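# Residue-level structure breakdown
Letter by letter, the chains look like this.
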Amino acid sequence: MFSVRQLRSALTLTLSTLTLFCALPLAAQVSFTSTTYPAPPGADLAKTTIAADLDHDGNPDLITIDDKTGNNQILISYGTGGGHFGASQAIPVAYAYDVKAADINNDGNLDLIVTGYSAVTILTGYGNRTFSTTTIPISGGARNLAVGDFNGDGKLDFAFDTTYTSPPFSPYIQIYNGNGDGTFSRGASLPISASSVLLIAADLNKDGKLDLINVAEPTTIFLNNGDGTFRAAQTISENEQAGDNIGGGGMGDLNGDAAPDLMLEANINCGRSGCNQVLRSFLNDGAGHFTLKQTLSPADGVGGNVLLADLNYDGKLDVFYPDLGVIGYALGNGDGTFQSIKSAGSLNDSFPLLLAHDLNNDGLPDVVATSFTSLQVELNTTATPDCSSPNSSRLAVHVCSPAPNATVNSPFTVRAVANSATDVLRIEEWVDGHKLYQQFSNQVRNSLTVGAGTHTLTIIPVDIYGGYVRQSLTIHVAAGCSAPSSPGVHVCSPVANGVYGSPVPVSAAGKGASGPVNHMELWIDGRKIGNYPGSQINTTVSLSRNSHSAVVIEVDSRGAFIKSPPIPFNVR
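These notes cover the structure that comes with them. (Residues numbered from 1 in each chain as written. Predicted model: local features only at pLDDT ≥ 70, side-chain atom pairs only at ≥ 80, totals over all residues. Heavy atoms only, no water.)

Turning our attention to unusual backbone geometry. Here the residue pair S401 and P402 is connected by a cis peptide bond, since its omega of 0° sits within 30 degrees of zero. Mapped onto the elements of the fold, P402 is located in the loop between strand 29 (396-401) and strand 30 (407-408). Across the junction of S493 and P494, the peptide omega takes the value 5°, indicating a cis bond. Among the secondary structure elements, P494 is positioned in the loop between strand 37 (488-493) and strand 38 (498-500). Even without being glycine, R129 reaches a positive phi, approximately 75°. Mapping R129 onto the fold places it in the loop between strand 8 (119-125) and strand 9 (131-137). Assessed through its relative accessible area of 37%, R129 is described here as partly exposed. Residue D432 is not a glycine yet carries a positive backbone phi of 55°. Within the fold, D432 resides in the loop between strand 32 (424-431) and strand 33 (434-439). (Helix = DSSP H or I, 4+ residues; strand = E, 2+ residues; numbered from the N terminus. Buried < 20%, exposed > 50% of the residue type's maximum accessible area, 1.4 Å probe, protein only.)

Right, let's get into the side chain of E265. Checked against the element boundaries, E265 lands in strand 19 (residues 261-271). Despite its burial, E265 pairs with no opposite charge, the nearest such side chain being R280 at 9.5 Å. Here the side chain of E265 touches Q277 through a polar contact of 3.5 Å, side chain to side chain. (Lys, Arg positive; Asp, Glu negative; His and termini not counted. Salt bridge = Lys/Arg side-chain N within 4 Å of Asp/Glu carboxyl O. Polar contact = N/O pair within 3.5 Å; in protein donor to acceptor, adjacent residues only side chain to side chain.)

In terms of nonpolar packing, the biggest core is built from 21 residues, with F412, V414, L448, L457 and I459 touching the most fellow members. Of all the elements in the fold, those that place two or more residues in this core are strand 29, strand 31 (412-419), strand 32, strand 34 (443-448), strand 35 (453-463) and strand 36 (471-477). The element best represented in this core is strand 31, accounting for four residues. In this view, V414 contacts S401, P402, E429, V444, R445, N446, L448, L457 and I459; residues no more than four positions away in its chain are not counted. (Core = buried A, V, L, I, M, F, W, Y, C linked by side-chain atoms within 4.5 Å. Contact = heavy atoms within 4.5 Å.)

Along any regular strand, the residues point their side chains to alternate faces of the sheet. In terms of strand pairing, strand 24 (residues 326-332) meets strand 25 (residues 338-344) through five bridges, oriented antiparallel. Looking across to strand 25, one finds that G328 is bridged to S343. In sequence, strand 24 turns back onto strand 25 through a hairpin of five residues, with G334 there showing a positive phi of about 85°. (Pairing = 2+ DSSP bridges.)

Moving on: the sheet that holds strand 12 (residues 171-178). If you trace the four strands from one edge of the open sheet to the other, you get 10-11-12-13, paired in antiparallel fashion. A strand with exactly one partner marks an edge of an open sheet, and here the two such strands are strand 10 (145-148) and strand 13 (184-191). Pairs of neighbouring strands in the sheet enclose a mean axial angle of 25°, with direction left out of account. Examined bridge by bridge, strand 11 (residues 157-163) and strand 12 share six bridges and lie antiparallel to one another. Each bridged residue has a counterpart across the sheet, and for D161 the counterpart in strand 12 is I173. (Axes fitted to C-alpha atoms, helices over the stretch in contact; angles between N-to-C directions.)

A few words on the packing of aromatic side chains. One pass over the structure, following the stated rule, counts nine aromatic pairs. Consider the rings of F160 and Y176, whose centres lie 6.0 Å apart with planes at 20°: the pair is stacked. Residue F160 is found in strand 11, and its partner Y176 is found in strand 12; the two are separated by 16 residues along the sequence. The same class applies to F160 as to Y176, namely buried. Every member of this aromatic cluster is reached through a ring pair, and the members are F158, F160, Y176 and F184. Over the ring of Y78 we find R129, and its NZ or CZ is 4.1 Å from the ring centre. (Phe/Tyr/Trp six-rings, centres within 6.5 Å; stacked < 30°, edge-to-face > 60°. Lys NZ or Arg CZ within 6 Å of the ring centre and 35° of its normal.)

Glancing now at the layout of surface pockets. Estimates place the volume of the second largest pocket at around 480 Å³. Breaking the lining of the second largest pocket down by element, the ones donating at least two residues are strand 33 and strand 34. No other element matches strand 33, which puts four residues into the lining of the second largest pocket. Per-class residue counts for the lining of the second largest pocket are nine nonpolar, ten polar and four charged. (1 Å grid on protein atoms, 1.4 Å probe; cavity = no way out; pocket = protein on both sides within 12 Å on 5 of 7 lines; lining within 4 Å. Points joined across faces, edges and corners; volume = space filled by probe spheres on them. Nonpolar A, V, L, I, M, F, W, Y, C, P; charged D, E, K, R; others polar.)

Written out as structure tokens, the structure reads:
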């Protein structure tokens, strides 16, 4: 799924393009292929890089801030296809700090909002690689940037952290409300106790309103009332000691409950020789309250920034960061915890700043490493997707399964991939006008259980700014799971190596060897779940996020029985 904010500090954790990719066969080792694009002469790239398809050609582009004193420009490297990029285009701005891409005037073209030390620059895009410029003077400067509809009027607003230029000289968050035509008016101001390392906009309590998270020491949360005002700040307990500090943070759904969780990087035990750096995952209870889940301690510390993305394409968010010339990473377990730290790739700099984004439209998250002298593109070669992605020219979805007008057994598998000019936040699944499932991801691979008959399945991808499209298809659901033609067991769900959400749908039918079937038995992981009278099983079973094995047994009227082979499957 969010755009990357990258700070110049070598000890900053950054919010990545948080995209949770749905499960495919597990890859044992993360791998990349690398291409380096040198910085233009006289440019310093060691600040922010984001990705967006500015010219609607189906290839993501890279937008980078030139941090060289006096240059006052951003650099756009337009994609040429396959994750490759051409020479950069320079666009003058006020001295820049952060940048986001969004359609702020509702003309279908992406614009750029650039914060800076004296002004916010609005670059109105025309979709043809040209822009017009307006500025909003900011006396205290504008730093970390978040974009979204904060007052519920359907028009994009933006927020940034800044500092009063007169007493009390304290930091605060300033919101500018969008008018829908590319202009803005000053909105609410939110006092904060510490200057931002990162500013995040996300719906933390599932009420459909964008909240704000100020990642700092301490990290504070502002829950949105929906009208452009916010409740009093709540502080996340980080268990820090005197002298410790937060280096940054990232957000993503770490445990598959459709509530955004938080990863914070903390610098602890600081002394004359420096600090120890740890990564801490915090799980959201769905109401905007966070609890510490796990602490990771990278051996070499954390350099530059830390991101969340599904590197190995198993449907669980992984954590990764630059680590002395390689990408350090820990694979996610899907419950807010992570495995041991490993490394992949080879970076041109010891601690470049990282961006995660699908650059070649294959559905896998790629990596861009930004250093003073180059952009290094690391294309992810860890897995081969089993469902092709649309290109990035517009918000779209490709439904690989079921096929239109297909006849399927219930439960049936839904497999779809979405893409957009910015980022996909989630995919929703509706049957006959009722929402049955959603995944905070650009991909879904799950099962739905519906009754027999003809139904309309609608897949709705939603982008990070609330835009959406619908794709509907007709499906015909057969009446139950058919019995095998010879004595034995036919298991329709779960399927071998399938990936499911919990509860897992189980559907099976049996045929007796020496008489009619008396009952069916369901066993999972060697434990008997239950007996089911007759020759059918149609039930659901709540299971933990892990790998499991199912066996179905038919028992006939004479007590003879036949077992199905073990069926391995995964719950994400």
